[in-house]
Amino acid sequence: MSSIVSDARAMAAELVKIRRHLHQIPEFGLQLPKTQQFVLSQIRDLGEITLGKKLSSIVLLIDSGKPGPTVILRSDMDALAVIEEAEVEYRSANGFMHACGHDLHMAAAIGAAKLLSARKQQWRGKVSIWFQPGEEGHGGADMMIEEGALEIGADPVASYGLHVFSSMPLGVFAGRAGALMASASGVVVTVKGQGGHGSMPWLAKDPIIAAVSMIASLQDFVAKKLSPLQPVIINVGWVKAGDESTTNVIPETARFGATIRTFSDESLEQVRELLPAHLDSIAKTHEVSVSHHFDPASMVVNNNPENFELSKKVAIENFGADRFSELENPVTGGEDFSSILKRIPGNFIFLGACPKDVDYETAPTNHSTQAVFDDVVIADGAAWLASMALEHLAD
């Protein structure tokens, strides 16, 4: 066992305590004041701190005191707007939930910061550790980049991040070179008709029926308009129309929102080009109008092949060959770490956190209100992050 793994595991109890406190104070979106203040309390003495202006971000810059390049390590901070149903003693009670494991990511990054700070004599250059709000569809990485986070520390040469999964074998690191995760975006569609009395639908222009037809047609759109050689997923996540207090009113409008997942910029552009005409044709059939709004898209998470091989080597050397799995295919989830990788080569890796007494194949997945993550993996996550920095900066 390497000394960095031993040292990380020696602080495991401390890191678990940090994670469980963060789990009890989840916050949503870009403004995370309680989370920011707690993280600051753990890292304030480890280096130079830069806070975000438009979001509650933190960049911790650890300077070895010797000239050299910069390596970026990133963790995300935000939770989801779901009510926790997992039976854990440290569960959230404020209406939000760390259902995607970002509390573990923060604890691992704090651990990596402590490991690197204690080893300044062993490396040169700087390590820039990002604590990023707004990963869950709020553009937090791009906002940090716009505010200059990439310029904190000279000459960034590599970037690394990790993501835990509640439905992956405990302690297993997993990844692949090239496309690892999909581009994630969305579309909101508004159908406008003519309201009326539910007993006389022929005198109205029902937007609900038109919206239902559009929703039902989306899979045909994917199958018939787009190439099967370039995977695309379009899935409706919400539908809103009418008033629950009555059943005899035909409303003026109906709306629905769908997620769009692709593995290339070309596929996304094709969806954005062809979908509006498809929706318009259905609207004309129903004599209603339709408008749409495409959300900004995160990019495909593309791991640099050299950085991937380095990440794989570090995982195997530190934890053993049985603790690494090379993925054959990418996954359809999205991640705005892609915005960092677009500018700085690096690697994003998965870490299984399914509790040992649970079957990972049937365990509640990330984003489930019942998702449970085993925090025994935090120390090893911290050791992997710190080791990736040292691979580039070792003196």
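Located above this text is the structure these notes cover.
What comes next concerns the included structure. As the structure is a computational prediction, the values presented were derived from the model and not from experiment.

## Digging into the pattern of salt bridges
Line of reasoning, step 1. Across all of its chains, the model carries 19 salt bridges by this definition.
Line of reasoning, step 2. The partner of Asp395 in a salt bridge is Arg124, and the shortest N-O contact between them spans 3.2 Å. Linking Asp395 in the segment after helix H10 (378–393) with Arg124 in the loop between helix H4 (102–117) and strand S4 (126–132), this pair joins segments that are 271 residues apart in sequence.
Line of reasoning, step 3. A residue is classified by how much of its surface remains accessible, and Arg124, at 30% relative accessible area, is partly exposed.
Line of reasoning, step 4. A single network of salt bridges, built from pairs that share partners, joins Arg19, Arg20, Glu89, Asp103 and Asp375.

## Overview of the sheet that holds strand S14 (residues 324–326)
Line of reasoning, step 1. One open sheet accounts for 8 strands, arranged S1-S2-S4-S3-S5-S16-S6-S14; its pairing is mixed. Strands with a single pairing partner mark the edges of an open sheet, and in this sheet they are strand S1 (48–51) and S14. Here the strands of the sheet are splayed against their neighbours by 20° on average, with no regard to which way each runs.
Line of reasoning, step 2. Looking at chain direction, strand S5 (residues 156–165) and strand S16 (residues 346–352) are connected through 7 bridges and run parallel. Residue pairing in the sheet places Leu162 in a bridge with Ile349 of S16.
Line of reasoning, step 3. Sheet contacts for H4: strand S2 (58–63), strand S3 (70–76), S4 and S5; angle to S3, the most-contacted strand, approximately 150°.
Line of reasoning, step 4. Contacts between helix H8 (residues 305–319) and the sheet are confined to S5, strand S6 (173–175), S14 and S16, with S14 contributing the most and set at about 150° to the helix.

## A look at the packing of aromatic side chains
Line of reasoning, step 1. Enumeration over the complete set of coordinates arrives at 8 aromatic pairs.
Line of reasoning, step 2. Taking the centre distance of 4.7 Å and the plane angle of 65° together, the rings of Phe165 and Phe350 count as edge-to-face. Residue Phe165 is found in strand S5, and its partner Phe350 is found in strand S16; the two are separated by 185 residues along the sequence. The two residues Phe165 and Phe350 agree in class, both being buried.
Line of reasoning, step 3. Aromatic pair Phe308 and Phe324: ring centres 6.1 Å apart, planes at 50°, arrangement tilted.

## Quick notes on H8
Helical geometry: 3.6 residues make up each α-helical turn, so side chains three or four residues apart lie on a common side.
Line of reasoning, step 1. A rise of 1.5 Å per residue sets the reference length of H8, with its 15 residues, at 21 Å; its end C-alpha atoms lie 21 Å apart and thus fit the reference within 8%.
Line of reasoning, step 2. The complete set of buried residues in H8 reads Asn307, Phe308, Leu310, Ser311, Val314, Ala315, Asn318 and Phe319. Down the axis, H8 shows its buried residues gathered within 165° of arc, on one side only. In H8, the exposed positions angled more than 90 degrees off the buried face are occupied by Glu306 and Glu317.
Line of reasoning, step 3. In this structure, the buried side of H8 is in contact with helix H1 (3–10), S5, S6, S14, S16 and H10.
Line of reasoning, step 4. Its side-chain oxygen at 3.0 Å from the backbone nitrogen of Glu306, Asn304 defines the N-terminal cap of H8.

## Digging into unusual backbone geometry
Line of reasoning, step 1. Despite not being glycine, Asp155 shows a phi value in the positive range, around 50°.
Line of reasoning, step 2. A residue is classified by how much of its surface remains accessible, and Asp155, at 56% relative accessible area, is exposed.
Line of reasoning, step 3. Backbone geometry at His367 places phi at a positive 85°, although glycine is not the residue there.
Line of reasoning, step 4. Checked against the element boundaries, His367 lands in the loop between S16 and H10.

## Considerations on the environment of Cys100
Line of reasoning, step 1. Along the polypeptide, Cys100 turns up in the loop between S3 and H4.
Line of reasoning, step 2. Considered as a pair, Cys100 and Phe373 are 273 residues apart in the sequence and their alpha carbons are 8.9 Å apart.
Line of reasoning, step 3. If near-sequence neighbours (up to four positions away) are discounted, Cys100 is found in contact with Leu80, His105, Glu136, His163, Val164, Asn366, His367 and Phe373.

## Observations concerning the nonpolar core
Line of reasoning, step 1. Membership of the largest hydrophobic core comes to 62 residues, with the highest contact counts inside it found for Val39, Leu73, Leu116, Ile129, Phe131 and Trp384.
Line of reasoning, step 2. Ranked by the residues each element gives to this core, the list is headed by H10, at 11 residues.
Line of reasoning, step 3. Leave out the neighbours within four places in its chain, and Val39 touches Leu22, Ile58, Met77, Met106, Ile110 and Phe131.
Line of reasoning, step 4. Among the nonpolar cores identified, the runner-up in size contains 25 residues, and Val187, Val222, Leu275 and Leu279 belong to it.

## Observations concerning the packing of helix H2 (residues 12–23) against H10
Any two packed helices are characterised by the angle at which their axes cross and by the distance between the axes.
Line of reasoning, step 1. The interhelical angle for the contact between H2 and H10, taken along N-to-C directions, is 105°, at an axis separation of 9 Å. Put simply, H2 runs roughly perpendicular to H10. Every residue of H10 that contacts H2 at Ala12, Leu15, Val16 and Arg19 is listed here: Ile378, Ala379 and Ala382.
Line of reasoning, step 2. In the contact of H2 with H10, the residues fall into 6 nonpolar, no polar and 1 charged.

## Brief notes about the pairing of S2
Line of reasoning, step 1. Burial of S2 is extensive: 5 of the 6 residues sit out of reach of the surface.
Line of reasoning, step 2. Two strands pair when backbone bridges link them, and S1 and S2 are joined in this way by 4 bridges, in the antiparallel orientation. Along S2, the bridge assignment pairs Glu48 with Leu61.
Line of reasoning, step 3. Adjacent in sequence and paired antiparallel, S1 and S2 are bridged by 6 residues.
Line of reasoning, step 4. Of the pairings in the sheet, the one linking S2 to S4 comprises 6 bridges and is antiparallel in character. From the neighbouring strand, Leu60 faces S4, where its bridge partner is Ile129.

Thresholds, definitions, all that
- Residues numbered from 1 in each chain as written.
- Predicted model: local features only at pLDDT ≥ 70, side-chain atom pairs only at ≥ 80, totals over all residues.
- Heavy atoms only, no water.
- Salt bridge = Lys/Arg side-chain N within 4 Å of Asp/Glu carboxyl O.
- Helix = DSSP H or I, 4+ residues; strand = E, 2+ residues; numbered from the N terminus.
- Buried < 20%, exposed > 50% of the residue type's maximum accessible area, 1.4 Å probe, protein only.
- Pairing = 2+ DSSP bridges.
- Axes fitted to C-alpha atoms, helices over the stretch in contact; angles between N-to-C directions.
- Contact = heavy atoms within 4.5 Å.
- Phe/Tyr/Trp six-rings, centres within 6.5 Å; stacked < 30°, edge-to-face > 60°.
- Expected span 1.5 Å × (residues − 1).
- Arc of directions from axis to C-beta.
- Polar contact = N/O pair within 3.5 Å; in protein donor to acceptor, adjacent residues only side chain to side chain.
- Core = buried A, V, L, I, M, F, W, Y, C linked by side-chain atoms within 4.5 Å.
- Parallel < 35°, antiparallel > 145°, perpendicular 65-115°, else oblique.
- Nonpolar A, V, L, I, M, F, W, Y, C, P; charged D, E, K, R; others polar.

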